[in-house]
Amino acid sequence: MRHIISILIENEAGALSRVAGLFSARAYNIESLTVGPTEDPTLSRITIVTTGSERIIDQIIKQVDKLIDVVAVNQLTSDLHIEREIVLVKVKASESQQREDLKHLAEVVNGRIIDVTTDTYIIELTESVVQIDSFIAALSEHEIIETVRSGVSGIARGGNVCTK
Amino acid sequence: MDLSGGDILIRCLKDEGVEFLFGYPGGAVLHIYDALYKQDDVKHILVRHEQAATHAADGYARATGKPGVVLVTSGPGATNAVTGIATAYMDSIPMVVITGQVATSSIGSDAFQEVDAVGITRPCVKHNFLVKDVNKIAETMKKAFRVATTGRPGPVVVDIPKDITDPAIKVPYEYPTAVAMRSYQPATAGDPELIKEAIALLLTAKQPMIYSGGGVVLGQASEELRTFVRQLAFPITSTLMGLGAYPYNDDLFIGMLGMHGSYESNMAMHDCDVLIAIGARFDDRVTGKIAEFCPDAKIIHIDIDPSSISKTITVDVPIVGNVANVLQEMNKLLASESKPDIKAWWKTINGWRSKDCMAYDRNSDQIKPQRAIEIVHEITKGDAYVTSDVGQHQMWAAQFYGFEKPNRWINSGGLGAMGFGLPAAMGVQLAYPDETVVCITGEGSIQMCIQELSTCLQYGLPIKIVALNNRYLGMVRQWQEFFYKERYSSSYMESLPDFVKLTESYGHVGIRIEKPEDLESELKRAFAMKDRLVFIDIVTDQKENVYPMIAAGMAHNEMHHSPHCELPQDPRRELA
């Protein structure tokens, strides 16, 4: 099963490597990992997408929580939540028909063309992982030059907050 | 008065009540050594290798319950210390290890004797710190001691760049009485509802088992455990790490469990209907085959570390808390309850017990290692501090010494680090100069830290080294005999030193025992030399094996047995 783990951690040097090192040392999967500052400058938020049985997810949460620098760890996928990922796709767009098709496709999924050259487009899309996967699949008729995905960010719905 | 970083560091140790600092100097810690030179409060013990510094601090911690403290230099000083840090980590031993580091301006430049000590030790410490500001030393040391000694204990590394201890830079010093750590709040009391649930389950048991571990020793809960067990009159087994928390010679104690545990304890584990694990972590050497572990049991688990709960074995009643607190609560509740009648269960267990699974050949013309351990027990009246190295001798010591008190059995259970025994014994002997300290070892293990004989002379440590010398890496040889059709690949020890002469050259006494008839008298002679270190080189039967044995991945009821007891030798043959 796929799960999103949201971690609040002290904003100290090496904090990310403690979490990443734990995952590799205990052979847990990381599908994606994002890290960034929070509204409190002393804390960072790490969001990890992982897969594993219920027992493994339970262990991941306990082991992460055991790290001294970790202030809070929550499993977003256990409750209502919103998840988003950004993808930037550079595609070949040198012929006018191709350019029309890509523009249409981007509009349909609420994506934006953010860079244009004589023979390329860069399309930006912010969506759930599933939507991004299907958008990339839909681009298969075109020539993708480069794909850059941000990894997942997630937040609990409503008034719920991912803290201790 | 303002102090330099080096002086502050040593003052922190003094204010923390540290008696001994086990260490080895080098470039990056010279300012700290200079600070040490100027005071008498913290006694520095100069080892001969940094691995020994960590093991000695570890042995001190295991015997006293106080944190062990280490000081090593950067680079190789730090890497040599890693084995001892990992040993302490695996067995949850409180330890603070100060590693020197190159100056902050040189970090990351591949400077002389530079390693990323924080990075290298990260997976084998409870936590580590890099101190980049002289004003942060005191606070960091307070945090280090707090983290190392509370909750599930463990080693903490504090990496200090050389410029931070510069004698020219002085700042005000005050040792904090407490430090706030919003992200660190270890559990103490167990959930009262779950404790009640556990009591209810225990009272319904027909075939109960108490499985106690190293957490009882670390949590200083031996008294609470004894009350608990005696109230219920349930059978109790112990892990390797928990030996001594419950006295071996009490009728309710049915021996160690696991790979080299007793027949009766392993059979009872397999057949029990309610199991209570107390400060034990379901290690693979204990569980054997996970799928067949206590197949019919409801399981209660008391542990201070939430991540130990349901890690490998799913438990029914998880109680996260300090073992002593939880057992106190349980003892109160149990006092007014009528206890279940388990006479039939005891009859079954006593039937298993009567098979004498630890039997060995007492008429051999060669020295049997088991007999040597028994005699050491008799001479020391079972009251010595016993450290061990790793291998067959470790298992025989665990099986045959017989521990009545906690903190007396000191061995590297989790990591299984050969070389642990002698330096650990140094730490114990320093803590308790008037007690008998025995290091039970083999000719393989002892050579991994043999250089510490020199440290023992310097500090006058009268350790008794009992080396069971079978000219083999015995446990490796045993596995090769059982599982590799007797292909003894690199397990024979050739070109051994003359241990008597070697010991003498270090300024100690060496004794070699070759005949069974000399064993008792020579051991007595050795132990009578109260103020001398004596190395007793005992030439033992080369082919003796440790029994019973559950092969890795087999179930508790699938044990190999000694040809000298009435149980089947090979479980596979019996099952076929």
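Residues numbered from 1 in each chain as written. Chains lettered and ligands numbered in written order. Predicted model: local features only at pLDDT ≥ 70, side-chain atom pairs only at ≥ 80, totals over all residues. Heavy atoms only, no water.

## Here's the deal with the domain arrangement of chain A
All names here are of chain A. Formally: Residue ranges labeled as domains rest on an automatic or database domain assignment. By definition, the buried area sums, over both parts, the 1.4 Å-probe accessible area that each loses when the two are put together. Salt bridge, as used here, is a side-chain nitrogen of Lys or Arg placed within 4 Å of a carboxyl oxygen of Asp or Glu. Think of a polar contact as two N or O atoms within 3.5 Å of one another; within protein, one of them needs to be a possible hydrogen donor and the other a possible acceptor, and neighboring residues in sequence only count if both atoms come from side chains. For helices the rule is a DSSP run of H or I covering at least 4 residues; for strands it is a run of E covering at least 2, with both sets numbered from the N terminus onward. Polarity classes work like this: nonpolar for Ala, Val, Leu, Ile, Met, Phe, Trp, Tyr, Cys and Pro, charged for Asp, Glu, Lys and Arg, and polar for all others, with Gly in that last group.
With domains assigned, chain A is organised as domain 1 (2-79) and domain 2 (82-153). The centre of domain 1, based on its C-alpha atoms, is set 29 Å off from the matching centre of domain 2. In terms of surface lost to domain 2, no three residues of domain 1 exceed R2, I4 and T34, which account for 61% of the buried area on that side. Our count for the domain 1 to domain 2 interface comes out at one salt bridge. A salt bridge links E83 to R2, with the nearest nitrogen and oxygen atoms 2.8 Å apart. Inspection of the region where domain 1 meets domain 2 yields three residue pairs in polar contact (both at pLDDT 80 or more). Of all the secondary-structure elements, those providing two or more residues to the side of domain 1 that touches domain 2 are β1 (2-10), β2 (32-37) and β3 (43-51). Tallied by class, residues from the side of domain 1 that touches domain 2 come to two nonpolar, three polar and one charged.

## Concerning the pairing of strand β9 (residues 208-212) of chain B
Across a regular strand the side chains alternate sides, sitting on one face of the sheet and then on the other. Residues and elements named next belong to chain B. Test applied: A 1.4 Å probe rolled over the protein chains alone gives each residue an accessible area, and that area as a share of the maximum for its type sets the label: buried under 20%, exposed over 50%, partly exposed in between. When DSSP locates at least two bridges between a pair of strands, those strands are taken to pair.
For β9, the tally of buried residues reaches five of five residues, placing the bulk of the element in the interior. Of the two faces of β9, the one carrying P208, I210 and S212 and the one carrying M209 and Y211 are both buried. When β9 meets strand β12 (residues 274-278), the two strands line up parallel, connected through five bridges. In the strand pairing of β12, M209 is matched with L275. Relative to strand β10 (residues 236-238), β9 runs parallel, the two being bridged by three bridges. Paired with Y211 across the strands is T237, a residue of β10.

## Considerations on helix α14 (residues 369-380) of chain B
All names here are of chain B. Test applied: To estimate how far a helix should extend, the number of its residues minus one is multiplied by 1.5 Å. Here a residue-residue contact requires only that any non-hydrogen atoms of the pair lie within 4.5 Å.
Compared with the 16 Å implied by 1.5 Å per residue over twelve residues, the 17 Å span of α14 between its first and last C-alpha is a close match. Among the twelve residues of α14, nine are classified as buried, and the element is accordingly described as predominantly covered. Every buried residue belonging to α14 is among P369, Q370, A372, I373, E374, I375, V376, H377 and T380, and all of these are buried. The inward-facing, buried residues of α14 abut α15 (392-400), β17 (437-442), β18 (464-469), α20 (516-528) and β20 (534-539). Downstream of α14 by a residue or two, K381 has a phi angle that is positive, lying close to 55°.

## What about empty space enclosed by the protein?
Residue and element names in this part refer to chain B. The condition is simple: The method works on a 1 Å grid over the protein atoms by themselves. A cavity is a set of points holding a 1.4 Å probe that cannot get out, a pocket is an open set with protein on both sides within 12 Å along at least five of seven lines, and residues with an atom within 4 Å of a point line them. Grid points are joined across faces, edges and corners, and a volume is the space filled by probe spheres set on the points.
Summed over all chains, the structure comprises one cavity of 30 Å³ or more. A volume near 50 Å³ is recorded for the largest cavity. Along the walls of the largest cavity sit C357, M358, A359, Y360, Q370, W396, Q399, F400, E544, N545, Y547 and S562, which together make up its complete lining. Tallying contributions element by element places α15 first for the lining of the largest cavity, with three residues.

## Some words on the packing of aromatic side chains
All names here are of chain B. Stated formally: Put simply, two rings from Phe, Tyr or Trp (the six-membered ring, in Trp's case) pair if the centres are within 6.5 Å, and we call them stacked under 30 degrees between planes, edge-to-face over 60, tilted for the rest.
One pass over the structure, following the stated rule, counts 18 aromatic pairs over all chains. A centroid spacing of 5.3 Å and a plane angle of 40° characterise the contact between F403 and W409, whose relative ring orientation is tilted. Taking relative accessible area as the criterion, F403 reaches 2% and is therefore assigned buried. For W409, a relative accessible area of 7% corresponds to the buried category. Here the aromatic rings of W479 and F483 are separated by 5.4 Å at their centres, their planes lie at 75°, and the arrangement is edge-to-face.

## A word on the sheet that holds β2(A)
Residue and element names in this part refer to chain A. The following threshold applies: Under this scheme, a helix contributes an axis fitted over its contacting stretch, all axes are lines through C-alpha atoms, and angles between N-to-C directions fall in the 0 to 180 degree range.
Ordered by their spatial adjacency, four strands build an open sheet running β2-β3-β1-β4, and the pairing between neighbours is antiparallel. The open sheet has two edge strands with one neighbour each: β2 and β4 (70-75). Strand after strand, the sheet turns through a mean of 15° between neighbouring axes, direction not considered. Bridge analysis of β1 against β3 gives nine bridges, and the strand direction is antiparallel. Bridged to R2 within β3 is T51.

## Considerations on the sheet that holds β18(B)
All names here are of chain B. Strand order in the open sheet made by the six strands is β16-β15-β17-β18-β20-β19, with parallel pairing throughout. Each edge of the open sheet carries a strand with a single partner, namely β16 (409-410) and β19 (509-513). Relative to β16, strand β15 (residues 385-388) is paired through two bridges, and the arrangement is parallel. Paired with T387 across the bridge in β16 is I410.

## Points about the side chain of B:E264
Residue and element names in this part refer to chain B. Put simply, the rule reads: Under the counting rule used here, the positive set is Lys and Arg, the negative set is Asp and Glu, and His together with the chain ends is not counted.
Within the secondary structure, E264 is located in helix α10 (residues 263-271). An unpaired buried charge is present at E264: no salt bridge exists, and R353, the closest side chain of opposite charge, is 4.6 Å distant. The contacts of E264, once residues within four sequence positions are left out, are I254, I349, W352, R353 and C357.

## Regarding a nonpolar patch on the surface
Residues and elements named next belong to chain A. Applicable threshold: Two joining distances apply to patches: 9 Å for like charges and 5 Å for nonpolar side chains (Val, Leu, Ile, Met, Phe, Trp, Tyr), and every residue must have over 30% relative accessible area and no salt bridge. Here the accessible surface of atoms and residues is derived via Shrake-Rupley with a 1.4 Å probe, and residues count as covered only by protein chains that are part of the display.
Where nonpolar side chains cluster on the molecular surface, the patch consists of I86, L88, I114 and V148 and spans about 290 Å² of accessible area. As for its position among the elements, I114 is in strand β6 (residues 112-116). Exposure remark for I114: the relative accessible area of 40% places this residue in the partly exposed category.

## Here we look at the interface of chain A and chain B
Listed by partner, the interface residues are 17 residues for chain A and 20 residues for chain B. When chain A packs against chain B, the two sides together hide about 1600 Å² of surface, and 41% of this comes from carbon and sulfur. Area buried by chain A at its contact with chain B is led by A:R18, A:R55 and A:I68, which between them contribute 43% of it. Along the contact surface separating chain A from chain B lie three salt bridges. Note that A:E10 and B:R182 form a salt bridge whose closest N and O atoms lie 2.8 Å from each other. At the boundary of chain A and chain B, one finds twelve residue pairs in polar contact (both at pLDDT 80 or more).

## As for the pairing of β15(B)
All names here are of chain B. Basically, it comes down to this: Think of it like this: strands point away, you trace from the first strand over the helix to the second, and a clockwise trace means the crossover is right-handed.
Burial of β15 is two-sided: the residues Y385 and T387 facing one way and the residues V386 and S388 facing the other way are all buried. For β15 and β17, the ladder comprises four bridges, and the chain directions are parallel. Residue pairing for β17: V386 is matched across the bridge by V438. Read as a crossover between parallel neighbours, the route from β15 over α15 to β16 is right-handed.

## Here we look at helix α7 (residues 192-203) of chain B
All names here are of chain B. The condition is simple: As used here, the arc belongs to the directions running from the helix axis to the C-beta atoms.
End to end, α7 covers 17 Å across twelve residues, agreeing with the expected 16 Å (1.5 Å per residue, within 8%). Taken together, the buried positions of α7 are I195, A198, I199, L201 and L202. Down the axis, α7 shows its buried residues gathered within 165° of arc, on one side only. Where α7 is buried, its residues contact α9 (222-232), β12, β13 (298-303), β14 (317-320) and α12 (323-335).

## Observations regarding the layout of surface pockets
Each pocket or cavity is described by its volume, and for the second largest pocket that value is around 1400 Å³. Forming the walls of the second largest pocket are 49 residues, and the residues nearest its centre are A:Q63, A:K66, B:Y89, B:D305 and B:S307. Where the lining of the second largest pocket is concerned, the elements lending two or more residues are α1 (15-25) and α2 (54-66) of chain A together with α4 (76-90) and α11 (284-287) of chain B. Of all the elements, α2(A) adds the most residues to the lining of the second largest pocket, at eight residues.

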